[in-house]
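These are the residues of each chain, in order.
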Amino acid sequence: MTFPADFLWGAATSSHQIEGSHDADGRGESVWDVFARVPGAIEGGGDASIADDSYRRWREDIDLLSELGVGAYRFSVGWSRIMPEGRGRVEQRGLDHYEAFVDELLERGIQPVLTLNHWDMPQALMAHEGWVGRESVDAFTEFAVAVAGRLGDRVPWWITQNEPWIIQLLGYQLGLHAPGIADLGKAVQAGHHVMLAHGAAYDALQGLTSGKIGTALSLFPCDPASDSAEDAAAAWGSDGYVNRWFLDPLLGDGYPDDMRANWERAIGRPLDFIQEGDEAAIGARHDFLGINYYTRRVMAAAEPGATRPFPWQVVGPSGDVSRTDEGWEIVPDSLRQLLVRLSVDYPGIPLMITENGAVEGSAPLHDGRVRDVRRTRYLRGHLAAVEQAIAEGADVVGYMHWSLLDNFEWSLGYRPRFGLVHVDYATGTRTIKDSARHYAEIVAANGLVDWRDDTAVG
Ligand code: FCB
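Below or above, wherever it landed, is the structure these notes cover. Only a predicted model underlies this, so the values are computations on that prediction, with no experimental measurement involved. (Residues numbered from 1 in each chain as written. Predicted model: local features only at pLDDT ≥ 70, side-chain atom pairs only at ≥ 80, totals over all residues. Heavy atoms only, no water.)

Some points on the overall build of the chain
For the chain, the helix and strand inventory stands at 14 helices and 13 strands. For a compact globule of 458 residues, the expected C-alpha radius of gyration is about 23 Å, and the chain comes in at 21 Å, within 12% of that figure. With respect to the three principal axes, the spread of C-alpha positions in the chain is 65 × 55 × 45 Å. Relative to its 458 residues, the chain shows a buried fraction of 60%. Here the analysis covers contacts within the chain between residues at least 6 apart in sequence; of these, 77% occur between residues at least 24 apart. Entry remark: accessible area of the chain is about 17,000 Å², with carbon and sulfur atoms responsible for 50%. Of the charged side chains in the chain, 39 are positive and 67 negative, and the gap between their average positions amounts to 3 Å. (Helix = DSSP H or I, 4+ residues; strand = E, 2+ residues; numbered from the N terminus. Rg over C-alpha atoms; globule rule 2.2 N^0.38 Å. Buried < 20%, exposed > 50% of the residue type's maximum accessible area, 1.4 Å probe, protein only. Contact = heavy atoms within 4.5 Å. Areas by Shrake-Rupley, 256 points an atom, 1.4 Å probe, with all protein chains shown as cover. Lys, Arg positive; Asp, Glu negative; His and termini not counted. Charge placed at Lys NZ, Arg CZ, Asp CG, Glu CD.)

See below:
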């Protein structure tokens, strides 16, 4: 069993989570700078004004990628570094930074996988409530054109939006992420504009790059908690909410009817912000699909009378299942099933795993080694699932592990550590973890190699 010869092995990060240097080179304020100042918004009270200091230490980060031997790096361009006032003026110093960065990656034989919106919208765009306002579509397109105008000739992979559902859910429905809006109706409207902006940017980029353009969706397979017809319906409903609501307009025939009805019932009015022609402007604009996969959802029908927007609820797996330090169930076979399902339901679209990873809190021990053995197991389990899915016919072109570095995990602050590389936040010191060393062996072999747990000390 082997991966295709040109399989892209990589690692992923995002601008706001690693860069710091929030006032360097004319950067404007982003929604996350403002949100982090809301008391209680960030666990531990931190913010990302320093984070991994990657805006200054980027050469060191590229050295780490070289040590891993990966052929690709997924990173994002800080939106407010390029468009400090949201619209109009383009900050050339921001573009200079990313140009130097991209050129160095290419020099080292590492393909840039460039994300445009990884959640750090310029605060100035909140004048129209961010993604709630339809103006956001034009604002995003201006940003995309500015970046592609400089880098379009050399970046082979473009990701317009990172996780439309999570932006909609955490940013506008629950208010747990920037910009902190909690309104069901505004949430579904914001999500639509995120999707529309993908379509608009795809079209605008056509003359500017010959690279491949896609979106990264957070996909959660939804399994019923029991054999009952009610739980099966709950799982299908939930699949409409988190997966098909985004997959169908991107890759299929517009928004799915069952979920449109659920949304209209939940907000008590028609989704009239979806204008004539919008679905056509989103669809059929995909050179590849990015998949962020972490875990699945186990679903049951909501109890009668429950005051929930939708008639289903997450009940989680029962029994003694394995979990990451953040409590997420570790279930690699759901990734295999997801990849196979996508290749059947939406044939002909190359799939790239744009995120997959786990929280594990290990730190360097007395000998300097970070024995993050559970991350290694997670990685191996999921790569075996990818390999199996390929054997079953899924067209998977690459795997970007989340994350290259421990970093600022949004409202959870710095506690969850997702990195292949440990970061000491007090000093910025990077330490390659055991998982990264094993990943380097896999990358070099272009497939899983034997592994022995040698973590015993002494
Ligand atoms: C995803 C985000 C990424 C990171 C991981 C753990 O939802 O895209 O930035 O926070 O989760």
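A few points about the side chain of N243
The topology assignment puts N243 in helix α9 (residues 229–251). In this structure the side chain of N243 is engaged in a polar contact, spanning 2.7 Å, whose partner is the side chain of D239. The contacts of N243, once residues within four sequence positions are left out, are S218, L219, F220, P221, C222, S238 and R341. (Polar contact = N/O pair within 3.5 Å; in protein donor to acceptor, adjacent residues only side chain to side chain.)

Regarding the packing of helix α7 (residues 164–173) against α9
At a minimum axis separation of 9 Å, α7 and α9 run at an interaxial angle of 125°. In terms of orientation, α7 and α9 fall into the oblique class. The residues of α9 that touch α7, namely those facing P164, W165, Q168, L169 and Q173, are Y241, V242, W245 and F246. Its residues assigned to classes, the contact of α7 with α9 shows seven nonpolar, two polar and no charged. (Axes fitted to C-alpha atoms, helices over the stretch in contact; angles between N-to-C directions. Parallel < 35°, antiparallel > 145°, perpendicular 65-115°, else oblique. Nonpolar A, V, L, I, M, F, W, Y, C, P; charged D, E, K, R; others polar.)

Side note on the pairing of strand β5 (residues 212–218)
Extensive coverage of β5 is indicated by the burial of six of its seven residues. Across four bridges, strand β4 (residues 157–162) lies against β5 in parallel orientation. Directly across from W157, in β5, lies its bridge partner K212. Two strands pair when backbone bridges link them, and β5 and strand β7 (residues 288–292) are joined in this way by five bridges, in the parallel orientation. Considered in β7, the bridge of L217 is made with I291. (Pairing = 2+ DSSP bridges.)

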